[in-house]
Amino acid sequence: MSDKKASNQMWGGRFASGPAAIMEAINASISFDRKLYAQDIRGSIAHSEMLAQTGIISAADQEKIAHGLNTILKEIEAGTFEFSTRLEDIHMNVEARLADLIGSAAGRLHTARSRNDQVAVDLRLWVKDECFRVAEALKGLISAFLERAEEHAATVMPGFTHMQAAQPVTFGHHCMAYVEMFSRDLSRVRDAIERMDESPLGAAALAGTSFPIDRHQTAKALGFREPMRNSLDSVSDRDFALEFLGLAAICATHLSRLAEEIIIWSTPQFGFVRLSDSFSTGSSIMPQKKNPDAAELVRGKTGRVTGHLVGLLTVMKGMPLTYGKDMQEDKESVFDAAETLDLMLAAMTGMVRDMTVNAAAMKKAAGSGHATATDLADWLVRTLGLPFREAHHVTGRAVALAEEKKVSLEKLSLEDLQSINPGITEDIFSVLAVQNSVKSRTSFGGTAPSEVRKQIRTWKKRIAKA
């Protein structure tokens, strides 16, 4: 059967001639939707089994169809299957090959089904599978952070606001911030799976079918919780794809923020971490350079993922019910975003596991910028009973004096501090050291090493059950 003849047969008697070359080029999706081959064949086998169970087709025809589809699956996986752009998409390519293999019985497969519900179920299956992959990758990244947090629960470093040293924290606490972020990403993935766990198969073109199909059977066979309840909605929406792109964009943004910190931390000016050679490159002209290229690429690829979300939102915003060919534009966005996110997660997990932490550099930087000023203000409130605003003013004067003398707050003498407020005692120096400052932050979720270790234990249990 020629490609042209096959294309005309697939379209039916309405079209007397084949498509123009330009129409063929803009219409065909086989170059990218071939990625759905496993889901398409899986859906077709489930559909054929249901057709046989309900008596719509014979058991003999179903057996031929299933055998032919499994043969095609093996051909695709072996790389011997010939895809044709004239056959437009993965569905027609598979169906045409099935006809070559089993003859007229292939024509019965499309009974009570349309390409509209077929592509909806294929993509939904693919996105659902990808969500499970992302969930596992996120668990791996969270576990890597838990390991680093446990190692550095008491490693002091500066905490920042506005990229200025603010208060001392621990590196373990900083790592646990990302545990929280990525755990929310994980919960978004699981929520998305729950919402997309409904099968559109059986909605046909848009109105359902007059054949006595069993949609609950196909839904169960394909691993869905239940069938979708409205045939129009089943074929017309791609919110499951949008939700995937949304969670991917949020996760990518978290990865990008982490990448930015790693890039900053690995500079000689900071020297907080050193990336392994596995995630760094050199310079073609400057032999001393060790560039954090993996982190930079994670940061750069975030725009790509976010762009796919905006792109598909724009495609869908003007779509009247039900199906339009515009929706063919959903797949490349989803496929590329998924591939990009998978790579970003793998790269970041590797970087977190492999990087060397310079605890001495972190501790030295933790005392810079008068980072314990808030501890001084808190001490004035707690010990001397000053209103916080007055304590804030006193502390500001102490900072100004330290800057004038070009020393840190803890290097001011008791006389210096008493010149600002006579009530200050020797006890003040117990809170001005960064280690003591960190240990004092024992509020729930605080940076005290004891609190960080509690959070680590909690999250280890959660991830073990996840």
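Criteria and cut-off values
Residues numbered from 1 in each chain as written. Predicted model: local features only at pLDDT ≥ 70, side-chain atom pairs only at ≥ 80, totals over all residues. Heavy atoms only, no water. Helix = DSSP H or I, 4+ residues; strand = E, 2+ residues; numbered from the N terminus. Rg over C-alpha atoms; globule rule 2.2 N^0.38 Å. Buried < 20%, exposed > 50% of the residue type's maximum accessible area, 1.4 Å probe, protein only. Contact = heavy atoms within 4.5 Å. Areas by Shrake-Rupley, 256 points an atom, 1.4 Å probe, with all protein chains shown as cover. Axes fitted to C-alpha atoms, helices over the stretch in contact; angles between N-to-C directions. Parallel < 35°, antiparallel > 145°, perpendicular 65-115°, else oblique. Left-handed = near helix turned anticlockwise from the far one by under 90°. Nonpolar A, V, L, I, M, F, W, Y, C, P; charged D, E, K, R; others polar. Core = buried A, V, L, I, M, F, W, Y, C linked by side-chain atoms within 4.5 Å. Patch = residues over 30% accessible without salt bridge, like charges linked within 9 Å, V, L, I, M, F, W, Y side chains within 5 Å. Salt bridge = Lys/Arg side-chain N within 4 Å of Asp/Glu carboxyl O. Lys, Arg positive; Asp, Glu negative; His and termini not counted. Charge placed at Lys NZ, Arg CZ, Asp CG, Glu CD. Pairing = 2+ DSSP bridges.

Q: Is there a simple way to think about the overall build of the protein in this case?
A: Check the secondary structure of the protein and you find 20 helices and six strands. Radius of gyration (C-alpha) of the protein: 31 Å, far over the 23 Å computed for a compact globule of 466 residues. In the protein, which comprises 466 residues, the proportion classed as buried is 50%. Contacts in the protein between residues far apart in sequence, at least 24 positions, make up 74% of those at least 6 positions apart. Here the protein displays about 22,000 Å² of accessible surface, and carbon together with sulfur accounts for 53% of that area.

Q: Hey, could you run me through unusual backbone geometry in this one?
A: Glycine aside, the phi torsion of most residues is negative, and most peptide linkages are trans. In this model, L321 is joined to T322 through a cis peptide bond whose omega is 10 degrees. As for its position among the elements, T322 is in the loop between α12 (293-316) and α13 (330-354). The residue E88 is not glycine, and still its phi comes out positive at about 70 degrees. With respect to the element layout, E88 can be found in the loop between α5 (59-78) and α6 (90-102). Classification of E88 as buried rests on a relative accessible area of 4%. Positioned with a positive phi, H162 is a non-glycine residue whose angle comes to about 55 degrees. As for its placement among the helices and strands, H162 is situated in the loop between β1 (156-161) and β2 (164-170).

Q: Quick question: what am I supposed to make of the packing of helix α11 (residues 239-265) against α12 here?
A: Packed helix pairs are specified by the crossing angle of their axes together with the interaxial distance, meaning the distance between the axes. With their axes 8 Å apart at the nearest point, α11 and α12 run at an angle of 160 degrees to one another. Between α11 and α12, the crossing angle belongs to the class labelled roughly antiparallel. Every pair of crossing elements has a handedness; the one defined by α11 and α12 is left-handed. Its residues assigned to classes, the contact of α11 with α12 comprises 17 nonpolar, six polar and three charged.

Q: I would appreciate a short explanation of the nonpolar core in the present structure.
A: Soluble globular proteins: nonpolar side chains tend toward being buried together. Grouped together as the largest cluster of nonpolar side chains are 98 residues, with contacts concentrated most on V127, F145, F182, F244, L255, M348 and M351. With 16 residues, α11 is the single largest residue contributor to this core. If we skip the residues at most four places from it in the chain, L255 touches L141, F182, V298, L341, M344, L345 and M348. Among the nonpolar cores identified, the runner-up in size contains 21 residues, and A373, L376, L417 and L432 belong to it.

Q: Just to check I follow, could you spell out a positive patch on the surface for this structure?
A: Together, R453, R457, K461 and K465 make up a positively charged patch on the protein surface. Among the residues examined, K461 registers a relative accessible area of 60% and is labelled exposed.

Q: When you look at the packing of helix α4 (residues 37-53) against helix α7 (residues 115-151) in this model, what are you seeing that I'm missing?
A: Packing of α4 against α7 brings their axes to within 9 Å, and their N-to-C directions diverge by 120 degrees. In terms of orientation, α4 and α7 fall into the oblique class. The crossing of α4 and α7 is right-handed. Taken together, the residues of α7 that come into contact with α4 (itself represented by Q39, D40, R42 and S44) are Q118, D122, L125, W126 and D129. A breakdown of the residues in the contact of α4 with α7 according to their chemical character gives two nonpolar, three polar and four charged.

Q: Sorry, what's going on with the pattern of salt bridges here?
A: Pairing between side chains of opposite charge can happen when the charged atoms of each approach one another. Here the structure, examined in full by the defined rule, presents 27 salt bridges. Of the charged contacts, one joins K325 and E88 as a salt bridge, the two residues approaching to 4.0 Å between their closest N and O atoms. Of this pair, K325 sits in the loop between α12 and α13 while E88 is found in the loop between α5 and α6, placing the two residues 237 residues apart along the sequence. For K325, a relative accessible area of 37% translates into the label partly exposed. For R225, the salt bridge is made with E194, and the minimal N-O distance between the two is 3.4 Å. Here E194 lies in helix α8 (residues 171-195) and R225 lies in the loop between α9 (215-221) and β4 (226-227), a separation of 31 residues in the sequence. A relative accessible area of 40% places R225 in the partly exposed class. Among the charged side chains, a network of salt bridges with common partners joins K128, E194, D197, E198, R225, E226 and R229.

Q: In this structure, what is going on with the pairing of β2? I would like to understand it.
A: Within a regular strand, side chains alternate between the sheet's two faces. In terms of strand pairing, β1 meets β2 through six bridges, oriented antiparallel. Counted as the bridge partner of G159 is Q167 from β2. Connecting β1 to the antiparallel partner β2 that follows it, the hairpin turn spans two residues, and H162 within it adopts a positive phi of roughly 55 degrees.

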